[in-house]
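Listed below, chain by chain, are the residues.
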Amino acid sequence: MSRLILLLVDAFLIAAASVASAQSGDFQFHLPSSLTSGFGAASYDSYSAQFNANLGLRTGYRLGLGVGGSWGKSDDGAIVINSNRVSFGTDPLNLFSGSLGYERWGQASVLQTETLSPSIMFSHEHFSAEVTPSIRSIAWFSRMGGTSDRRLYARSQGLSGSLGLFFLSPVSLRFSAATYTYFDVPSDFENLALAGFLSLTSLNLGSGFLDHSYSAELGVNLGKWSLTGEYYSARAFIDKIDFSAITVWTDYAPSNAWGYRLLAGQTSAPDNPVTYQSELSLSYYWQ
């Protein structure tokens, strides 16, 4: 059950991140700078929070900064996941744009990952396309100590892409897919846990690594209000668990400076109960 909870929280954070990136569908000459804070809750006493800054620089480039975290429980103790992100690139509303992102994710002294992901985007009045390869290093810490010879190291490569369609204004469509390949990952995680090398928390965090995923998103822009729904499906790499999430959110922008979002969703997996998530966020914009 604890592994499923982590998968649900991860799926919720992935959905929240994709929601934030989808805001570039409202085309204008320049994407405004923004500060966004969000707080969420999920079933089984799981919580999440994130703070993101998307800053337009005088040179025409953009700087992204973000911190986030989620809190849950397992039979082995608390699960506390932290994420620190930074990105640098050109304005995504340009005809062609690019960026480079870095993220450090995990729980201290349990599991840490570092991911580098360059991205290339093509944006047009009626559609957009984005391709993002990624490389990631993974370090599992032994529960028997923190020296270098008591860790497991692995790495992964990923490729994701998305296509947005804006032909039927005010309706928009977006399709996304991703696949991942892992190297030097032990195949006997259960035995390692039983032997005491890895903790149950290590397995819980490792369950968040995906083999592949895909999503479809439908949105309607009603002026100050907009409504969007997304279906997300993925398979965990280690556990081979297939799970899916349905997420719906509404945006309200009373002015050019402020925006509010209410997001709710549910995640399900075979032989497990449905888990529910919600998030409330506030954004401030300026040119």
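Residues numbered from 1 in each chain as written. Predicted model: local features only at pLDDT ≥ 70, side-chain atom pairs only at ≥ 80, totals over all residues. Heavy atoms only, no water.

Engineer: Looking at this model, I keep getting lost on unusual backbone geometry. Mind explaining?
Structural biologist: Look at the link from Ser 169 to Pro 170: it is a cis peptide, with omega at 10°. Counting through the fold element by element, Pro 170 comes out in the loop between strand E8 (151–165) and strand E9 (171–183). Located in the positive-phi region is Ser 109, a residue other than glycine, with phi close to 65°. Secondary-structure assignment places Ser 109 in the loop between strand E5 (96–107) and strand E6 (111–123). (Helix = DSSP H or I, 4+ residues; strand = E, 2+ residues; numbered from the N terminus.)

Engineer: For this particular structure, what's the right way to read the pattern of salt bridges?
Structural biologist: When the charged atoms of two side chains lie near each other, side chains of opposite charge can form a pair. As enumerated under the stated definition, the model contains six salt bridges in all. Of the charged contacts in the structure, one is a salt bridge between Asp 45 and Lys 73, with a shortest N-O distance of 4.0 Å. A residue pair is termed long-range when its members are at least 10 positions apart, and Asp 45 in the loop between strand E1 (33–42) and strand E2 (46–56) and Lys 73 in strand E3 (residues 61–74) qualify at 28 residues. On the accessibility criterion, Asp 45 (44% relative accessible area) is partly exposed. With its nearest N and O atoms 3.7 Å apart, the salt bridge here joins Arg 104 to Glu 114. Residue Arg 104 is found in strand E5, and its partner Glu 114 is found in strand E6; the two are separated by ten residues along the sequence. (Salt bridge = Lys/Arg side-chain N within 4 Å of Asp/Glu carboxyl O. Buried < 20%, exposed > 50% of the residue type's maximum accessible area, 1.4 Å probe, protein only.)

Engineer: Even after reading the chapter, I still don't get the pairing of strand E4 (residues 77–90), so can you show me in this structure?
Structural biologist: With 14 bridges connecting them, E3 and E4 associate as antiparallel partners. Bridging from a neighbouring strand, Gly 64 pairs with Ser 87 of E4. Where E3 folds back onto E4 in an antiparallel hairpin, the turn is made up of two residues. As paired strands, E4 and E5 are joined by eight bridges and run antiparallel to one another. Paired with Ser 83 across the two strands is Trp 105, which belongs to E5. Remark: five residues form the turn of the hairpin made by E4 and E5, two consecutive strands paired antiparallel. (Pairing = 2+ DSSP bridges.)

Engineer: What is the right way to look at a nonpolar patch on the surface in this model?
Structural biologist: On the surface, Leu 35, Phe 51, Val 67, Trp 258, Tyr 260, Leu 282, Tyr 284 and Trp 286 cluster together into a nonpolar patch covering about 670 Å² of accessible area. Looking at the nonpolar patch, the elements that each hand over two or more residues are strand E13 (258–268) and strand E14 (275–286). In terms of residues, the nonpolar patch owes the most to one element, E14, which gives three residues. With respect to the helices, strands and loops of the structure, Phe 51 is situated in strand E2. For Phe 51, a relative accessible area of 39% gives the class partly exposed. (Patch = residues over 30% accessible without salt bridge, like charges linked within 9 Å, V, L, I, M, F, W, Y side chains within 5 Å. Areas by Shrake-Rupley, 256 points an atom, 1.4 Å probe, with all protein chains shown as cover.)

Engineer: What is the right way to look at the confidence of the model for the chain in this model?
Structural biologist: Detailed reading of the predicted coordinates is not advisable wherever pLDDT falls low. Taken over all residues, the pLDDT of the chain has a mean of 86, while the share at 70 or more is 86%. By mean pLDDT, helix H1 (residues 2–21) is the weakest element of the chain at 47, and E9 is the strongest at 97. Of the regions scoring below 50 in pLDDT, residues 14–28 engages in 26 contacts with residues more than four places distant in sequence or in other chains. (pLDDT = per-residue confidence, 0-100. Contact = heavy atoms within 4.5 Å.)

Engineer: In this structure, what is going on with the nonpolar core? I would like to understand it.
Structural biologist: The tendency in soluble globular proteins is for nonpolar side chains to be buried side by side. Counting 17 residues, the largest nonpolar core has Trp 105, Leu 111, Ile 138, Trp 140, Leu 198, Leu 205 and Phe 209 as its most contacted members. Elements represented by at least two residues in this core include exactly E4, strand E7 (127–141), helix H2 (189–194) and helix H3 (200–206). Broken down by element, the residue count for this core peaks at three residues, all from H2. Those residues in contact with Leu 198, other than ones at most four positions away along the chain, are Trp 140, Phe 141, Arg 143, Leu 152, Phe 189, Leu 192 and Ala 193. Grouped together as the second largest cluster of nonpolar side chains are six residues, Tyr 232, Ala 234, Phe 243 and Ala 269 included. (Core = buried A, V, L, I, M, F, W, Y, C linked by side-chain atoms within 4.5 Å.)

Engineer: So what exactly am I meant to see when it comes to the side chain of Asp 91 here?
Structural biologist: For Asp 91, the position within the fold is in the loop between E4 and E5. Looking at Asp 91, the relative accessible area reads 4%, which means it is buried. A distance of 3.2 Å separates the side chain of Asp 91 from the backbone nitrogen of Leu 31, its partner in a polar contact. Aside from chain neighbours lying at most four places away, what touches Asp 91 is His 30, Leu 31, Gly 60, Arg 62 and Ser 97. (Polar contact = N/O pair within 3.5 Å; in protein donor to acceptor, adjacent residues only side chain to side chain.)

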